[in-house]
Amino acid sequence: MKLSAIGGKIHYFKSIASTQDLAISFAKAGIEEGVVVWADEQAKGRGRFGRKWFSLPSKSLTFSFILRPKLKADLIPYLSLFPAIACAHTLEKLDARCELKWPNDILIDGKKAGGILVDVEIKENKIEWAVVGIGINVNLERDDFPADIRQSATSLRIALGKSFEISPLLKEILRELNEKYSLCFSDKGREKIRNEWEKRDFLRGKEIEVMMGEKRIRGIAEGIDERGFLRVRIGEKIVAFSGGELYLMKKQ
Ligand code: BTN
């Protein structure tokens, strides 16, 4: 299958409300797969569950891209797994040791260094378009972070003690994204993604609480299944979760 290159066309903005929201409006207007929206500053960057995404000009990498994958809707989890692997590979080449927290967190030293946001439109159980947004904390110092996330967030600068130029970092992530995207389309490729995830799986063996709607369920994280769902051991049973909110139990 011929895939369009992610980053074949890049729309750069000095400042924008949210690269995600602009890329979504592009996708809705029929703009092709691979188009990237990149901004140095986001006034209204957003994370999962409508949370605010904190970033600063020249200190954060924030971009979104359009995908039109010919995949069934139940493989949507791979649309956040493959970018997470691509980011981990890139950061590891810079000497950062990454862990991945299902479904979308990139961690260094157990703290959040980046996040992935996926918005999709489904038609007849197929993915019409997807917009993947990536935010990486690059040159942020500890005091740059708002107080409420200062303890739980980190950056390449904090972890590695040096600064990085944003544009070469984007270029390398785009190269990795193209490589890893192609893996989503075959059983073998998806197995490779799961293996790469496995090596960096932050949650494996940890006691977690999973929020599904109003219900809080406790269990032990047991990796991901073939669909990219999180496997959780609850008593004797393994239950697979496709989404929802995860909490690590306090003692960990
Ligand atoms: C998360 O961890 O909750 C996901 C964070 C995703 C943030 C990125 S930054 C680029 C893109 N534009 C946004 O408004 N959000 C995503």
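First, a word on what this report is: a plain description of the structure on this page.

**Focus on the site of the ligand**
Item 1. In the vicinity of the ligand lie 20 residues, with Ser18, Gln42, Arg46, Arg48 and Lys112 positioned nearest.
Item 2. Within the contact set of the ligand, an oxygen atom lies 2.7 Å away from a backbone nitrogen or oxygen of Arg48.
Item 3. Within the side chain of Asn104, a nitrogen or oxygen atom sits 3.4 Å from an oxygen atom of the ligand.
Item 4. Burial of the ligand by the surrounding chains reaches 98%, relative to a free accessible area of 410 Å².
Item 5. Taken atom by atom, the bulk of the ligand overlaps the largest pocket.
Item 6. Among the secondary structure elements, those contributing two or more residues to the shell around the ligand are α1 (19-28), β3 (60-67), β6 (111-123) and β7 (126-137).

**What about the pairing of β6?**
Item 1. Alignment of strand β5 (residues 105-108) against β6, held across four bridges, turns out to be antiparallel. The residue of β6 that forms the bridge with Ile108 is Lys111.
Item 2. Linkage of β5 to β6, two consecutive antiparallel strands, is achieved through a turn of two residues, within which Asp109 is found at a positive phi near 55°.
Item 3. Bridge count between β6 and β7: ten bridges; the pairing is antiparallel. Residue pairing across strands places Asp119 opposite Val131, the latter belonging to β7.
Item 4. The turn linking β6 back onto β7 is made up of two residues, and Glu124 within it adopts a positive phi angle of 50°.

**Concerning the packing of helix α2 (residues 78-93) against helix α4 (residues 166-181)**
Item 1. Look at α2 against α4: their axes get within 8 Å of each other, and the N-to-C directions meet at 135°. Considering their axes alone, α2 and α4 lie oblique with respect to each other. Remark: the crossing between α2 and α4 carries right-handed chirality. Contacts from Phe82, Pro83, Ile85, Ala86, Cys87, His89, Thr90, Leu91 and Lys93 in α2 reach Leu169, Glu172, Ile173, Arg175, Glu176, Leu177, Lys180 and Tyr181 in α4.
Item 2. Broken down by class, the residue content of the contact of α2 with α4 amounts to ten nonpolar, two polar and five charged.

**Comments concerning the layout of surface pockets**
Item 1. Of the pockets and cavities examined, the largest pocket occupies roughly 1100 Å³.
Item 2. Forming the walls of the largest pocket are 44 residues, and the residues nearest its centre are Arg51, Trp53, Asp105, Lys112 and Ser152.
Item 3. When contributions to the lining of the largest pocket are tallied by element, the ones reaching two or more residues are α1, β3, β5, β6, β7 and β12 (245-248).
Item 4. Estimated volume of the second largest pocket: approximately 300 Å³.
Item 5. Around the second largest pocket sit 17 residues that line it, and Arg48, Ile76, Ser80, Val118 and Ser242 are the ones nearest its centre.
Item 6. Ranked by residue count, the leading element in the lining of the second largest pocket is β6, at four residues.
Item 7. Residues belonging to the lining of the second largest pocket are distributed by class as follows: eleven nonpolar, four polar and two charged.

The rules behind each value
- Residues numbered from 1 in each chain as written.
- Predicted model: local features only at pLDDT ≥ 70, side-chain atom pairs only at ≥ 80, totals over all residues.
- Heavy atoms only, no water.
- Near = heavy atom within 4 Å.
- Polar contact = N/O pair within 3.5 Å; in protein donor to acceptor, adjacent residues only side chain to side chain.
- Areas by Shrake-Rupley, 256 points an atom, 1.4 Å probe, with all protein chains shown as cover.
- 1 Å grid on protein atoms, 1.4 Å probe; cavity = no way out; pocket = protein on both sides within 12 Å on 5 of 7 lines; lining within 4 Å.
- Sits in = over half its atoms within 2 Å of the grid points.
- Helix = DSSP H or I, 4+ residues; strand = E, 2+ residues; numbered from the N terminus.
- Pairing = 2+ DSSP bridges.
- Axes fitted to C-alpha atoms, helices over the stretch in contact; angles between N-to-C directions.
- Parallel < 35°, antiparallel > 145°, perpendicular 65-115°, else oblique.
- Left-handed = near helix turned anticlockwise from the far one by under 90°.
- Contact = heavy atoms within 4.5 Å.
- Nonpolar A, V, L, I, M, F, W, Y, C, P; charged D, E, K, R; others polar.
- Points joined across faces, edges and corners; volume = space filled by probe spheres on them.

Keep in mind that these numbers describe shape and distance, not what the molecule does.
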